[in-house]
Amino acid sequence: MSDQTIETHFVEDRRYPPPLEFAAQANAQPEIYERDFEEFWESEGRERVSWIEPFTKLYEWELPYAKWYLGGTLNVSYNCVDRHVEEGRGERVAYHWEGEPGDTRTITYAELQREVVRFANALKELGVEKGTPVAIYLGMLPELAIAMLACTRLGAPHTVVFGGFSADSLSGRMVDMGCEVLVTQDEAWRRGSTVPLKRTADEAMAAAPKVRRSLVIRRTGNEVRMQEGRDAWLHELDLPDDPASCPPEPMDAEDLLFLMYTSGTTAKPKGIAHTTGGYLVGVAATHRYIFDLKPETDVFWCAADIGWITGHSYIVYGPLCNGATSVLYEGTPDFPDKDRWWSIVERYGVTILYTAPTAIRAHMKWGPEYAQGHDLSSLRLLGTVGEPINPEAWMWYREHVGGDRCPVVDTWWQTETGMALITPLPGVTTTKPGSATKPFPGVDVGVFNEAGEEVGPGGGGYLVLKRPWPAMTRGIFGDDARFRETYWSKYPGVYFAGDGARIDEDGDFWLLGRVDDVMNVSGHRISTIEVESALVDHPRVAEAAVCGRNDALTGQAIVAYVTLKGGDDGSLEMLDELRNHVAGKIGAIAKPANIVFTPELPKTRSGKIMRRLLRDVAENRPLGDTTTLADPTVVNEISQRASADASDD
Ligand code: PRX
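Rules used in this analysis
- Per chain, residue numbering runs from 1 following the sequence as it is written.
- With the structure being a predicted model, the display of local features is reserved for residues of pLDDT at least 70 and the display and counting of side-chain atom pairs for 80 or more, all residues being used for whole-chain, interface and lining totals.
- To get the side-chain values, take all heavy atoms of the structure and skip hydrogens and water.
- Pairing between strands is defined by DSSP: at least two bridges between the two strands are required.
- Think of it this way: any DSSP run of H or I at least four residues long counts as a helix, any run of E at least two long counts as a strand, and we number them from the N terminus.
- Under this scheme, a helix contributes an axis fitted over its contacting stretch, all axes are lines through C-alpha atoms, and angles between N-to-C directions fall in the 0 to 180 degree range.
- Residue contacts are defined here by distance: any two heavy atoms, one from each residue, within 4.5 Å place the two residues in contact.
- Proximity criterion: a residue is near a molecule or strand once any of its heavy atoms comes within 4 Å of it.
- Between N or O atoms, a polar contact is any pair within 3.5 Å; within protein, one atom must be a potential hydrogen donor and the other a potential acceptor, and residues adjacent in sequence are included only when both atoms are from side chains.
- Here the accessible surface of atoms and residues is derived via Shrake-Rupley with a 1.4 Å probe, and residues count as covered only by protein chains that are part of the display.
- The classification used treats Ala, Val, Leu, Ile, Met, Phe, Trp, Tyr, Cys and Pro as nonpolar, Asp, Glu, Lys and Arg as charged, and all other residues, Gly among them, as polar.
- In this description, a nonpolar core means a group of buried Ala, Val, Leu, Ile, Met, Phe, Trp, Tyr and Cys residues linked to one another through side-chain atoms lying within 4.5 Å.
- Partly exposed residues are those whose accessible area sits between 20% and 50% of the maximum for their type, while under 20% is buried and over 50% is exposed, using a 1.4 Å probe and protein chains only.
- A crossing counts as left-handed when the near helix is turned anticlockwise from the far one by less than a right angle, and as right-handed when that turn is clockwise.
- For this document, the term salt bridge refers to a Lys or Arg side-chain nitrogen within 4 Å of an Asp or Glu carboxyl oxygen.
- Pairing of aromatic side chains requires ring centres within 6.5 Å, counting the rings of Phe and Tyr and the six-membered ring of Trp. Pairs whose planes differ by under 30 degrees are stacked, by over 60 edge-to-face, and all others tilted.
- Here, a charge over a ring means that NZ of Lys or CZ of Arg falls within 6 Å of the ring centre while also lying within 35 degrees of the ring normal.
- With strands facing away from the observer, any crossover in which the path from the first strand over the helix to the second runs clockwise is taken as right-handed.
- Sulfur atoms of two cysteines make up a disulfide when they are within 2.5 Å.

**Some points on the sheet that holds strand β6 (residues 134–137)**
Move 1: Reading across from one edge, β12-β11-β8-β6-β7-β14-β15 is the order of the 7 strands in this open sheet, with mixed pairing throughout. For this open sheet the edge positions go to β12 (231–233) and β15 (270–275), each flanked by a neighbour on one side alone. Averaged over all pairs of adjacent strands, the angle between their axes in this sheet comes to 25°, without regard to strand direction.
Move 2: Bridge count for β6 against strand β7 (residues 158–160) is 3 bridges, and the pairing is parallel. Across the sheet, the residue bridging to V134 is H158, located in β7.
Move 3: Lying on the sheet, helix α10 (residues 309–321) is in contact with β7, β14 (256–262) and β15; it crosses β14 at an angle near 140°.

Here's what the structure looks like:
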């Protein structure tokens, strides 16, 4: 990371103390920060979760691997569903589901229990048992949450693959995890069109020979190909749904719960492992305190996709463990119109909304009138996640969505951390637009300089985590060396998050974005190398270099520099073809926003592509030191081409 990345860019002196009424009733009171780390997580371990066998030891840390709640056994579906029914909460709504075309479904905890049991029985019929890895490739249907819970009931670890990913991405994950069964749907809805999930799943299964069965959910009802002996429709199976027909499997606290694949700095996504006990306690505790959840009265809406970690932790496991009522929405914010979100907030009386800065910036661009046309007075708390939030977006959210009365919590975390780690507590913390403020109670965060010294208030550097927390990843599936190298090799004994951060004079944290070759586009992590590999996979491409440039809407946008074979200069057709090629290899989220064709790429004398220079070109910055380049004229040529491209727009 260059020093320039960790400089602070502005002075922010706006302060928002918690409103008095909010503070008086909040789940988290100021003393929470005084609590002893071990005492805090022990009592959370007992309070949030029902154990079959209680844990006998809080945690164990053999660097870099931690274990939590040792000796404890539990079942996640029991905690998220059955116990609420047993304790008289069966009639409470678990999900208000709203489909993209406007169809709706209300699912109580009692109904959820029957659905989960039925689904688990379906999986059993397909041969799933404790330990069988299951892939789930679905849009935002209630069946997505149900399928996950059904897996946990049987003790089968799952990997959910976001419905926008390509066949290659899906098969790569299924092969890596060794999945034997795939859950998918005929087609998904997206902006009034259909997305052929089953067709993509067929392609993926052809490349993942271990997958022997698939369970298909009917959504659009259009015809899809079903392979005799392999594919089964869920609705055609006649299955019992009484809980006794499929009792929850007791699982060890450290049994694998799921893998969530995420991009790193190589072409191969990493299977981030989360286990049963620590993850569930971590997401339930953070959900309760950060969102001040009152399960009897709140309507919680995390407007993410369950295909990412945010949805796992704060649409499925955290909220259901806490017995919350949530909104589950299938569609996009602007379909059929740009007020769709606000009509959902009004209709279901949403009290807590959690979304990403990129979505807020999209609403900002469309204008406040869409929000103003609806009664948003039910809202009492707002949250954001996924990327640094710029103060203007924070202020807009507070004013136009929160009516200047709702606290805003900017939560920093990662797929690897499992749960939010740096965040305000809404009844306690004085917030500042753009700051994620303080470590969650019991979490120990530091900022280190290049030399590995901790910087104090006023300093900037690299974000590190100095002590384990319950929901921390238990590693990269099947790749211990990569786990150690990526997170634990920069500084001995601490977790290196890959983010730059600054601490201000009050001890508040300001996150400054990634410091590695990972881009953040609309809150999604995408590896530069993964996009480069997808480009080079095209038969006409000789070489490619990819970087992120700042973008007012998406945070970062992907820029690719491509050298074609045989001195070909490129064309608009080629540009389209390459963008689609990347979408086909990875998924539409990885499509480059710009492609610059260039006869050569800037390389150091040892042959390394200089992405820093390419970022400078992409962001029209003056080019810094080019003396290490093998051929300095290459960059001038590229910047001329890049600016010629820009003036063509
Ligand atoms: O760079 C940080 C950014 O998102 C990365 C983690 O991405 P992912 O694993 O996909 O998880 C996203 C949702 C938890 C981090 O390394 N990030 C996430 N939240 C914030 C953030 N950057 C700044 N502020 C945040 N609140």
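**Re the site of the ligand**
Move 1: Looking at the ligand, there are 17 residues lining it, with D410, T415, D499, R514 and R525 nearest.
Move 2: Taking T411, its main chain carries an N or O atom lying 2.8 Å from a nitrogen atom of the ligand.
Move 3: Alone, the ligand offers 540 Å² of accessible surface; in the complex the protein occludes 96% of this.
Move 4: Taken together, the elements giving at least two residues each to the shell around the ligand come down to α10, β20 (408–411) and β24 (509–514).
Move 5: For the shell around the ligand, the per-class residue count stands at 6 nonpolar, 6 polar and 5 charged.

**Comments concerning the nonpolar core**
Move 1: In terms of nonpolar packing, the biggest core is built from 118 residues, with W41 and Y317 touching the most fellow members.
Move 2: Take this core: its biggest share by element is 9 residues, from helix α6 (residues 142–154).
Move 3: Apart from residues lying up to four places away in sequence, Y317 is in contact with V76, C80, M148, L149, T152, H158, F258, Y279, L280, V283 and H312.
Move 4: Core analysis: the second largest hydrophobic core is formed by 43 residues, F165, A167, M174 and A188 among them.

**Let's talk about the packing of helix α16 (residues 528–536) against helix α17 (residues 572–585)**
Move 1: One way to put it is that α16 packs onto α17 with a least axis distance of 9 Å and a crossing angle of 115°. Our pair here, α16 against α17, has a crossing hand that is right-handed. In contact with V531, A534 and L535 of α16, α17 contributes L578, H581, V582 and K585.
Move 2: Here the contact of α16 with α17 is built from residues that sort into 5 nonpolar, 1 polar and 1 charged.

**Structural notes on the sheet that holds strand β22 (residues 460–465)**
Move 1: Spatially, the 4 strands line up as an open sheet ordered β21-β22-β23-β24, and their pairing is antiparallel. Each edge of the open sheet is held by one strand with a lone partner, namely β21 (445–448) and β24. Neighbouring strand axes in the sheet, compared pairwise and without regard to direction, differ in orientation by 45° on average.
Move 2: As defined by bridge partners, β22 adjoins strand β23 (residues 495–503) across 5 bridges and the pair is classed as antiparallel. Among the inter-strand pairings, Y462 is bridged to a residue of β23, identified as G500.

**Side note on the pattern of salt bridges**
Move 1: Summed over the entire model, instances satisfying the criterion amount to 52 salt bridges.
Move 2: Here K268 and D176 are joined by a salt bridge, their closest N and O atoms 2.7 Å apart. Here K268, found in the loop between β14 and β15, pairs with D176, found in helix α7 (residues 167–177); they are 92 residues apart in sequence, far enough to count as distant.
Move 3: D231 serves as the salt-bridge partner of R230, at 2.7 Å between the closest nitrogen and oxygen.
Move 4: Overall, the relative accessible area of 10% leaves R230 in the buried class.
Move 5: Residue class for D231 comes out buried when judged on its relative accessible area of 10%.
Move 6: Salt bridges here are not isolated pairs; linked through shared partners, they connect R15, K432, K438, D504, D506 and D508.

**Focus: unusual backbone geometry**
Move 1: Of note, the amide linkage connecting L63 to P64 takes the cis form, showing an omega dihedral of 0°.
Move 2: Here P64 shows up in the loop between β1 (57–62) and β2 (65–70).
Move 3: Going from F335 to P336, the amide bond is cis rather than trans, its omega being -5°.
Move 4: Structurally, P336 is set in the loop between β17 (325–329) and α11 (340–348).
Move 5: Although it is not a glycine, D292 adopts a positive phi angle of roughly 50°.
Move 6: Structurally, D292 is set in the loop between α9 (276–290) and β16 (299–302).
Move 7: D292 sits in the buried class, given a relative accessible area of 1%.
Move 8: Backbone geometry at S522 places phi at a positive 50°, although glycine is not the residue there.

**Side note on the side chain of T563**
Move 1: Within the secondary structure layout, T563 lies in strand β28 (residues 555–564).
Move 2: The class of T563 is buried, set by a relative accessible area of 9%.
Move 3: Reaching out from T563, the side chain makes a polar contact with the backbone oxygen of T598 at a distance of 3.0 Å.
Move 4: Non-local contacts of T563, meaning those with residues more than four positions away in its chain, are made with V541, A542, E543, T598, P599, E600 and L601.

**Regarding the environment of A206**
Move 1: Topologically, A206 is positioned in helix α8 (residues 197–206).
Move 2: With 39 residues separating them in the primary sequence, A206 and A167 have C-alpha atoms 9.5 Å apart.

**A word on the packing of aromatic side chains**
Move 1: Overall, the coordinates contain 39 aromatic pairs when judged by the stated rule.
Move 2: Aromatic pair F258 and Y317: ring centres 6.2 Å apart, planes at 10°, arrangement stacked. Of this pair, F258 sits in strand β14 while Y317 sits in helix α10; the two residues are 59 residues apart in sequence, bridging distant segments of the chain.
Move 3: By the ring-pair criterion, three or more aromatic residues cluster together here, those being F37, F40, W41, W51, F55, Y59, W68, Y69, Y289 and F440.
Move 4: Over the face of the ring belonging to F37 we find R467, whose NZ or CZ atom lies 3.9 Å from the ring centre.
Move 5: Over the ring of Y462 we find K490; its NZ or CZ atom is 4.4 Å from the centre of that ring.

**A word on the pairing of β6**
Move 1: By the alternation rule, side chains of β6 split into V134 and I136 and A135 and Y137, which are all buried.
Move 2: Note that the unit made of β6, α6 and β7 has a crossover that is right-handed.
Move 3: Of the pairings in the sheet, the one linking β6 to strand β8 (residues 181–185) comprises 4 bridges and is parallel in character. The partner of Y137 across the bridge, within β8, is T184.

**Points about α11**
Move 1: Counting buried positions along α11 yields 7 of 9 residues, so the element is predominantly enclosed.
Move 2: Downstream of α11 by a residue or two, G349 has a phi angle that is positive, lying close to 65°.

**Things to note about the pairing of β1**
Move 1: Bridging between β1 and β2 involves 5 bridges; their strand directions are antiparallel. Among the inter-strand pairings, Y59 is bridged to a residue of β2, identified as W68.

**Quick word on the state of the cysteines**
Move 1: Taken as a whole, this structure holds 0 disulfides when the rule is applied.
Move 2: Not engaged in a disulfide, the cysteine C179 finds its nearest cysteine sulfur in C151; these two sulfurs lie 9.5 Å apart.
Move 3: The thiol of C246 is unpaired, and the distance to the nearest cysteine sulfur, on C151, comes to 11 Å.
Move 4: You can call C246 buried: its relative accessible area is 1%.

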